[in-house]
Structure formats: structure tokens, C-alpha cells
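The lines below spell out each chain.
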Amino acid sequence: MGRLQGKSALITGGNSGIGQATARLFAQEGAQVLIAARNQEKAAHTVALITDEGGTAWALPCDVRQADDCERVVAETIRAFGGLDIVFNNAGIVPYTGILDTSDETWLDTFATNVHGTFYITRAAVRHMLAHGGGVIVNNASDWGIVGGQDATCYAATKGAVVQMTRSMALDFARQGIRVNAVCPGDTFVERWRANGHAADEEALRKMGAALPLGRVGQVEEIARAVLFLASDESSYMTGQMLIVDGGNTAGGVSTRY
């Protein structure tokens, strides 16, 4: 029997990268998965992958920057699956800009996506979980939310906010059977790196990884396994914790951009 057998899960930004890998793993472990994303073409592709692998998944359009959208997608998940046991707040954007190069638009949009979206989805989900015996929230934070990141003031600020939201929400609902934890990935290869030139080829990836203690960047499947641990009963005595999965990047208390 899978570790999430009989559970229902909502994953924001589940159409690519860490979200997609987590959606597939959750389904393999027996969960019904709802993928909430703006890009429905990619979401439909992820649903097809899961279905082909024998899992159960559904996709809905959702802009996590909009509170009404978040309320709707949580309500529709509950209607589709009869309940909601797990939320993975994964949707996020990553601007690589220092403070002098960050526009007002970028600053506001990053907070709207990374912070407000996490708040809106969690608020809607917790209302249901409180009435139905509890649940699990996993937030996608970052190692840069723990120690900060060079030329990433905006992004690091939003992930620092997610870290503190995780701790505070965990305290708010610990006695009501709701656990709230966060995964904090380090440099993890996602396909958008190719598109934005962040790591155009294998040599660029090798150079990035060479600066990390483990000598390589992470893979999305490695982060997904950490999320599964936090979502499952294997982490039943954990709440308010940050699970850092960063190849050792923050072990010395310093995080830099390579």
C-alpha cells in the first residue's frame, strides 16, 4: 500500500518542475492529485503522465495571486475528491535581481505569487481541515529563505516570509491536527533554466554544481521525495520545521550565487 493511499492532495504549480515531480510521486503513492496552475496546457500534460502511470489526477486553472481563485480551487478539489488531506504550496516565481535592479512590478508580483498565494490557499484549505479532523500543509520555501541569497533580495525576502508563515501556522493549528512544514530546496535543475539561460547546457550545470558541497545541483525528484516525507505519516511528529534539501549549500551558514 502506498504511503498516501486514500489521501487527496492539492498541488499549486504542479504542472512543471518540483510541482510536477511531486504530483507524479504522490499519485504513485496512492493519492488523488489536483494540479492547480495557470498554464493549463502543461497541467494537462502532467495529468496525462500521471494517468498513464496508473494514477488519478485532475487539473484546474488557478492564479494563486487571486484570493477568489484560491478559494474556488480548494472548494472544487473537495467536491472532486470528497475531501482535502494534503496541500503543497509550490507555485512560485524566481527573479534573480538585486534591489537596484528590481522594479516595483517585480517586487509586488513576487510577493503576490510566493507569499500571498501561499496564504490564500492555506487559509481556504485550513477551514476544511479544521472541520474534518486535520490535514497536512507543505510549503515550498528555499535555502535562500534561511540564509539569504546574493542578487536575490526580492526572492529571498518572499521565501523568508514563507518560512515564518510556516512556523506561525504550525503553532496556530498544532492542537487541531494540522501539521505545517516547509521544504527548502537549494539549486535544483528545472527546465525553465534552459529557457532563461540560467544553465544553458550541461557544462553550465556542472560549473554550478561544482561550487556545492555535494558537487552537483539537485534533481526535482530529490525534492519531491522530501515533500512526500513531510506529507506522509512518516513525519507525524514534525510541525513548524524547515527541511533543507540543498546539497550542503547552507551547512556553513553562507549561501552565494554561483
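Structure shown above.
Residues numbered from 1 in each chain as written. Predicted model: local features only at pLDDT ≥ 70, side-chain atom pairs only at ≥ 80, totals over all residues. Heavy atoms only, no water.

**Comments concerning the overall build of the protein chain**
Here's step 1: If you tally the helices and strands in the protein chain, you get nine helices and nine strands.
Here's step 2: Relative to the compact-globule value of 18 Å for 258 residues, the protein chain shows a C-alpha radius of gyration of 17 Å, a close match.
Here's step 3: With the principal axes as the frame, the protein chain shows a C-alpha extent of 45 × 40 × 35 Å.
Here's step 4: Considering the protein chain as a whole, with its 258 residues, one finds that 52% of them fall into the buried category.
Here's step 5: In the form shown here, the protein chain has an accessible surface area of approximately 11,700 Å², with 50% of it arising from carbon and sulfur atoms.
Here's step 6: Within the protein chain, one finds 21 positive and 27 negative side-chain charges whose respective centroids are separated by 3 Å. (Helix = DSSP H or I, 4+ residues; strand = E, 2+ residues; numbered from the N terminus. Rg over C-alpha atoms; globule rule 2.2 N^0.38 Å. Buried < 20%, exposed > 50% of the residue type's maximum accessible area, 1.4 Å probe, protein only. Areas by Shrake-Rupley, 256 points an atom, 1.4 Å probe, with all protein chains shown as cover. Lys, Arg positive; Asp, Glu negative; His and termini not counted. Charge placed at Lys NZ, Arg CZ, Asp CG, Glu CD.)

**Things to note about the nonpolar core**
Here's step 1: Membership of the largest hydrophobic core comes to 32 residues, with the highest contact counts inside it found for Phe26, Val33, Ile35, Ile86, Phe88, Val138 and Val183.
Here's step 2: When contributions to this core are tallied by element, the ones reaching two or more residues are β1 (8-12), α1 (17-28), β2 (32-37), α2 (40-52), β3 (56-61), β4 (86-89), β5 (135-140) and α9 (220-231).
Here's step 3: Sorting elements by how many residues they give to this core places α9 first, with eight residues.
Here's step 4: Setting aside residues up to four positions removed in sequence, valine 138 forms contacts with Val87, Phe88, Asn89, Asn181, Val183, Val227, Leu230 and Ala231.
Here's step 5: Counting 28 residues, the second largest nonpolar core, distinct from the first, contains Leu10, Ala125, Met129 and Ala170. (Core = buried A, V, L, I, M, F, W, Y, C linked by side-chain atoms within 4.5 Å. Contact = heavy atoms within 4.5 Å.)

**Quick word on the state of the cysteines**
Here's step 1: Enumeration over the complete set of coordinates arrives at zero disulfides.
Here's step 2: Distance from the sulfur of cysteine 154, which forms no disulfide, to the nearest cysteine sulfur (cysteine 184) is 17 Å.
Here's step 3: Among the residues examined, cysteine 154 registers a relative accessible area of 1% and is labelled buried.
Here's step 4: The exposure class assigned to cysteine 184 is buried, which follows from its relative accessible area of 0%. (Disulfide = S-S within 2.5 Å.)

**Comments concerning the pattern of salt bridges**
Here's step 1: As enumerated under the stated definition, the model contains ten salt bridges in all.
Here's step 2: Taking the shortest distance from any N to any O, the salt bridge between arginine 72 and aspartate 69 comes out at 3.2 Å. A residue pair is termed a helical-turn pair when its members lie 3 or 4 positions apart in one helix, as arginine 72 and aspartate 69 do in helix α3 (residues 67-81) at three residues.
Here's step 3: In this structure aspartate 69 comes out as partly exposed when scored by relative accessible area, which is 23%. (Salt bridge = Lys/Arg side-chain N within 4 Å of Asp/Glu carboxyl O.)

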